[in-house]
Amino acid sequence: MTQWEPVIGLEIHVQLDTRTKMFCGCALSFGEPPNSRTCPVCLGLPGTLPVVNAQAVHFALMMGMALGCEIAPRSIFHRKNYFYPDQAKNYQISQYDIPICSGGRLGDVRLHRIHLEEDAAKLVHLGESGRIHGADASIVDYNRGGTPLCEIVTEPDIHSAEQARDWLNLLRVTLRQLGVSDVNMEEGSLRCDANVSVRPAGSTELGTKTELKNMNSFRYLERGVTAEIERQIALLEAGEPVVQETLHFDPASGRLSSLRSKEEAHDYRYFPEPDLVPLVPTEDMIGAARAALPELPADREARYLAEFGLAADPARLLAYEPQWGDYFERVDADGKAAANWVEQLRARIGADADPAASKVTPQALAQLIGLVGERTINAGAGRQVLDALVAEGGDPAAIVEREGLGSMGGGDELAGVVAAAIAANGDAAEKVRGGNAKAMGPIVGFVMRETKGRADGGEVGRLIREQLGV
Amino acid sequence: MSDALSLTAAAAAARVRAGDLDPAELWDGYRARAAADDHNAFTWVSDAGAATVDRDAPLGGVPVAVKDLFATQGVPSQAGSRILEGYRPPYTATAVERLTAAGAPLLAKTNQDEFAMGSSTENSAYGPTTNPWDPTRVPGGSSGGSAAAVAAGSAPWAIGTDTGGSIRQPAALCGIVGLKPTYGAVSRYGMIAFASSLDQAGPFTRDVTDAALLFGAMAGKDKCDSTSVGLPGPVELPRRTDLQGVRLGVPEELSGEGIEPGVLASFTATLDLARELGATVEPCKLPHAPHALSAYYLIAPAEASSNLARYDGVRYGFRADGARDLLHMYTETREQGFGAEVKRRIMLGTYALSSGYYDAYYGRAQKVRTLISRDFDTAWERFDFVVTPTAPSVAFALGAKTDDPLAMYLNDFCTVPMSLAGIPGISIPSGLSEGLPVGFQLAGPAFSENALLDAAHALEGAIGFDSAPWRTA
């Protein structure tokens, strides 16, 4: 039976978080009344002209540098011509054969290009169909029209739905760290289409691809790509061809339906936008973009692995969520221990919370880690101290003192408690003597109850074995 | 009163500044003339009373007529098209704003070929404009309304746009001065676009001094037009009365075949005058100029096909009734809203940009455009200016070429090369042929307007043309 290899490339549209639109001075819209964030330019009124948004160019340069792209010394805008009411001019100003960024790489996926363009307006179709065909009327809200977009196109380097999802998440956290976009899939500031094909494993030729649209969450992306891979494999195994087409993912049914076949494809009649001059980044623009680059999640993850010796999961978690990574780095303690305790804090206050705004200062957490490390308190008591810190803040040592959580030493007091525990758990003691070390549990539990958790677990075990002569 | 209206704009502005003339007299006098115009030169005339103007403003309150395709806030701006019938923009074009700020209030909007596509102003949805020299003849186009208004004396001066000759050719046919500036010298913001890489605004005036004055007030970099460029220096009023040391090149490709004998005679006589003023006159070569018209009729329609896509009935202007669905609304609106010439060019341009044809048509035309620019660059090594007849003929009869688009296109034979190269050209009246004005074109390197205006001024003085037929009528 043939083994099949999926081949996946992604096309991502990112709404840039600029102050104004791509080609006019209108502020970006966040749910304002329809058509209230418009002007003669973004409405395409006769005689108006576009002017390129410098901040959008700055963001595109930052993205290009962060992702290792080649920055075009001179890129140009083109007009993409098609009639539809969501384009006020009936053409979209985009980039075509010379995009601002080419090549590059993020993680294990190569990038093909990044280019700048303008977003379309929002159409609302009134009536039962919900689509333009059969609608009672269609109305247009031009607030979104002209919002700056970066289109990022990958090479077909992805080979599973899970990899597609994980890579898109890496892109998301990278762009968020760059501060160029809200990157919110549900709200549409990050949109992803996937080109999917399959081929016999080991083949170097690409199969016929389909384009998947409308997967507006990470889960839908994974489900949509999975469904399409399965559909294509089933077709090929039945000896039927895959037809090149655009497919629409329906989240309700999890199914894909055809949007339009290639035969109806538009001729966009691209030509250089004569209302704009070529985009030539100056040394100052390049320098400003470079100066604005933060450390990126992938770099931070690598640093956490190498510098702090963290395991893969905590390294990724802290690197991908910058507020947690930043906090982690301010905890002056052994890296692994710090990562462990930061994760515990995260579990308590929630992943979306900002730890820097919590009552637990990095200094307090470091002090707590120190108390546990030097066995002044044991781990269980440490968790109680963390609970108290989350609730009221303050000084860990003072909390230990106040709550009486200090570890009992290994002295006579503890030995007495252990003796009492053995006496009270005769059956268990017999089993331990008989060589079953695991039977120690009830005895340890007794000690911990008696000492309110302050006893050191290792010391308790040693005393039990000593007293039972094993 | 009629004395004030017979003054050039510069002279009138000087009198206003000196306190010898009330600008309200100019406003009321020209408004009355424009309202009584019988050449269909205007699509709208202000009915406002004289505004208070700053007497020290550079343009001294001398009112200006503006081609219909300039967006003017609250005032009909229809670009000669039914598809923009009744359209009143919410903003004003930069060039018009600058003129208003410099003290030239908006007197009227002038008739034009629809979307500036034409050479006779017969392609207007609002009827043809006639030539003040002979009302059975066309005024040229596309800015025929502006040219006729100035020639008839119903406006002291006017502005228009030139894409392939639409200022220079009507100026020639109406016996006035028309300047097409360097591409980028005047902002295009608010000019309803025909062909974005070629469109350029400029003045229609009674003499060269007025042209310099009006051009200086409208020119300059505009942050709303990325393709606009700051001038290298201020626009000077021309003073020159001789052409000592000026080297004129006569491109043989544009001054022989296809030019009417009467036009050629006036052209040759003007060259003699230039020599008398001290100029040297030598033949020069623009080898690719004969291909300019072909390249132009690919590039301009291609850009137009995209620029005019926005007229779809969705947002403003005309919308056809009874549409069944979206596509039907588009096709009916555009079928009924556009005239025949506009539809012809949209189809030509759409074809030229189509997948599989782009390289052969649009791409090749752009290469020809580059070669034409290089021809001019080579010419500037030996010459200060290139001179040609502005148009191959004098004003022709209404209807004479409306059924023959190619004959109509040939009107721009001598003006299109400069448009493709983006260089400035000026047409001044050089005399009469068959009792009708003939235009003489001077073209210079990019941003040579000051020198160009100076040379035109010297020639104008030697020619002594009387560009005021209404005074003898």
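Residues numbered from 1 in each chain as written. Chains lettered and ligands numbered in written order. Predicted model: local features only at pLDDT ≥ 70, side-chain atom pairs only at ≥ 80, totals over all residues.

**Digging into the overall build of chain A**
Now for step 1: Scanning chain A from N- to C-terminus turns up 15 helices and 15 strands.
Now for step 2: Taken over C-alpha atoms, the radius of gyration comes to 30 Å for chain A, far larger than the 23 Å a tight globule of 470 residues would show.
Now for step 3: For the C-alpha atoms alone, the extent of chain A along its principal axes is close to 95 × 55 × 45 Å.
Now for step 4: Put simply, chain A has 470 residues, and 42% of those count as buried.
Now for step 5: The long-range share in chain A, meaning contacts at least 24 apart out of those at least 6 apart in sequence, stands at 68%. (Helix = DSSP H or I, 4+ residues; strand = E, 2+ residues; numbered from the N terminus. Rg over C-alpha atoms; globule rule 2.2 N^0.38 Å. Buried ≥ 20, exposed ≤ 12 C-beta atoms within 10 Å, placed from the backbone. Contact = placed C-beta atoms within 7 Å.)

**Let's talk about the sheet that holds strand β4 (residues 91–95) of chain A**
Residues and elements named next belong to chain A.
Now for step 1: Taken together, three strands build an open sheet; the order of strands is β4-β3-β15 and the sheet is antiparallel. Edge strands, defined here as strands with exactly one partner in the open sheet, are β4 and β15 (271–272).
Now for step 2: Of the pairings in the sheet, the one linking strand β3 (residues 77–81) to β15 comprises two bridges and is antiparallel in character. In the strand pairing of β15, Arg 79 is matched with Phe 271. (Pairing = 2+ DSSP bridges.)

**Quick word on the interface of chain A and chain B**
Now for step 1: Facing the 25 residues of chain A at the interface are 35 residues of chain B.
Now for step 2: In terms of residue class, the side of chain A that touches chain B is built from 16 nonpolar, four polar and five charged. (Nonpolar A, V, L, I, M, F, W, Y, C, P; charged D, E, K, R; others polar.)

**Comments concerning the domain arrangement of chain A**
Residue and element names in this part refer to chain A.
Now for step 1: Segmentation of chain A into domains returns domain 1 (4–290), domain 2 (297–403) and domain 3 (412–468).
Now for step 2: On a C-alpha basis, the centroid separation for the pair domain 2 and domain 3 is 32 Å.
Now for step 3: On the domain 3 side, the residues contacting the four residues of domain 2 number four residues.
Now for step 4: In the side of domain 2 that touches domain 3, the residues fall into one nonpolar, two polar and one charged. (Domains from an automatic or database assignment.)

**Some thoughts on the pairing of strand β11 (residues 436–443) of chain B**
All names here are of chain B.
Now for step 1: Summarising burial for β11: eight of the eight residues are buried, a large majority.
Now for step 2: Bridge count between strand β9 (residues 385–389) and β11: four bridges; the pairing is antiparallel. When the bridges of β11 are listed, Pro 389 appears paired with Phe 440.
Now for step 3: Where strand β10 (residues 425–433) and β11 come together, eight bridges link them in antiparallel fashion. Residue pairing for β11: Ser 433 is matched across the bridge by Leu 436.
Now for step 4: Hairpin connection of β10 to β11: two residues between the antiparallel strands, including Glu 434 at a positive phi of 55°.

**Some words on the sheet that holds strand β1 (residues 42–45) of chain B**
Residue and element names in this part refer to chain B.
Now for step 1: Taken in spatial order, the eleven strands of this open sheet run β1-β3-β2-β4-β6-β5-β10-β11-β9-β7-β8, and their pairing is mixed. Whereas interior strands pair on both sides, the edge strands pair on one side only; in this sheet they are β1 and β8 (280–284). Along the sheet, successive strands turn relative to each other by an average axial angle of 30°, direction set aside.
Now for step 2: Two elements, strand β5 (residues 177–180) and β10, share three bridges in a ladder whose sense is antiparallel. In the sheet register, Gly 178 faces β10, and the bridge partner there is Ser 427. (Axes fitted to C-alpha atoms, helices over the stretch in contact; angles between N-to-C directions.)

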